[in-house]
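So you can see what is in the structure, the chains are spelled out below.
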Amino acid sequence: MKNRLRVLRAERNWSQADLAERLEVSRQSVNAIETGKYDPSLPLAMRIARLFDTTIEAIFIDDED
Amino acid sequence: MLCTPKSKARRRYLYRLFAANVVYVVSAFCTKWVFLHLHPTGAVVYLLAVIPALPVIGILAIVGLYIAEESDEFERSIIVQSMLWGIGGALSLSTIWEYLHDFAGAPHLSALYVYVFFWIFMGISQPIIRLRYR
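Bear in mind that the values here come from a model prediction, so they are computed numbers and not experimental data.

Caption draft 1: Just the environment of N3 of chain A, in detail. Residue and element names in this part refer to chain A. Along the polypeptide, N3 turns up in strand β1 (residues 2-3). Residue classification places N3 among the buried positions, given that 20 C-beta atoms sit within 10 Å. C-alpha of N3 to C-alpha of T54: the two residues are 51 residues apart in sequence and 13 Å apart in space. Setting aside its immediate chain neighbours within four residues, N3 contacts I33, G36, I59, F60 and I61.

Printed below as a string of structure tokens:
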């Protein structure tokens, strides 16, 4: 699934490690999500959305859209 | 770094794994010593023979505990996938070996090797699985 995580992260000048620390996950997790190779669960997607103060739909883009 | 344990759950997992392996080595050594020097008989033989198996079973429980304690779902998925590779690899290899033994005269392999194969396949598959997500 495509997402805007890299853009949102860059806007805040956060590294992958910074984001990983804030989400309490590994840096590899952040990289896997960013590159669209791993789709996070709904609870993790909600945590990400909360962290960026936005909605899940504003971060994750459905491939069929 | 691929091998740096980041989470507390991962560190606990590695510590428990190390402790269980130490217990296994000690219990296997002691059991062997008792059978060689004290020659136990009766029901005690069965009880003693099972002792080295307990930490081995414990190691599987430790992996289960890690999956339950790890809060990072991505790391959980990696370990679950590697366990599936471990189970599949161990069962496949032991099945192949059994047929090689039956029909091609390959030497008999102890059933304990299934467990060894499981860990080998699990260990090899982890970095390969991680590569898929890079």
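Structure shown, so let's carry the discussion forward.
Caption draft 2: Just the nonpolar core, in detail. By size, the foremost hydrophobic cluster in this structure holds 14 residues, and its most contacted members are V30, I33 and I59 of chain A together with F74 of chain B. When residues of this core are traced back to their parent elements, those giving at least two are α1 (5-11), α2 (16-23) and α3 (27-34) of chain A together with α4 (73-104) of chain B. When residues in this core are grouped by element, the largest group, three residues, is from α3 of chain A. If we skip the residues at most four places from it in the chain, I33 of chain A touches N3, L5, Y38 and P40 of chain A. By size, the runner-up hydrophobic cluster in this structure holds five residues, among which are A90, F117, F121 and M122 of chain B.

Cut-offs and rules
Residues numbered from 1 in each chain as written. Chains lettered and ligands numbered in written order. Predicted model: local features only at pLDDT ≥ 70, side-chain atom pairs only at ≥ 80, totals over all residues. Helix = DSSP H or I, 4+ residues; strand = E, 2+ residues; numbered from the N terminus. Buried ≥ 20, exposed ≤ 12 C-beta atoms within 10 Å, placed from the backbone. Contact = placed C-beta atoms within 7 Å. Core = buried A, V, L, I, M, F, W, Y, C linked by C-beta atoms within 7 Å.

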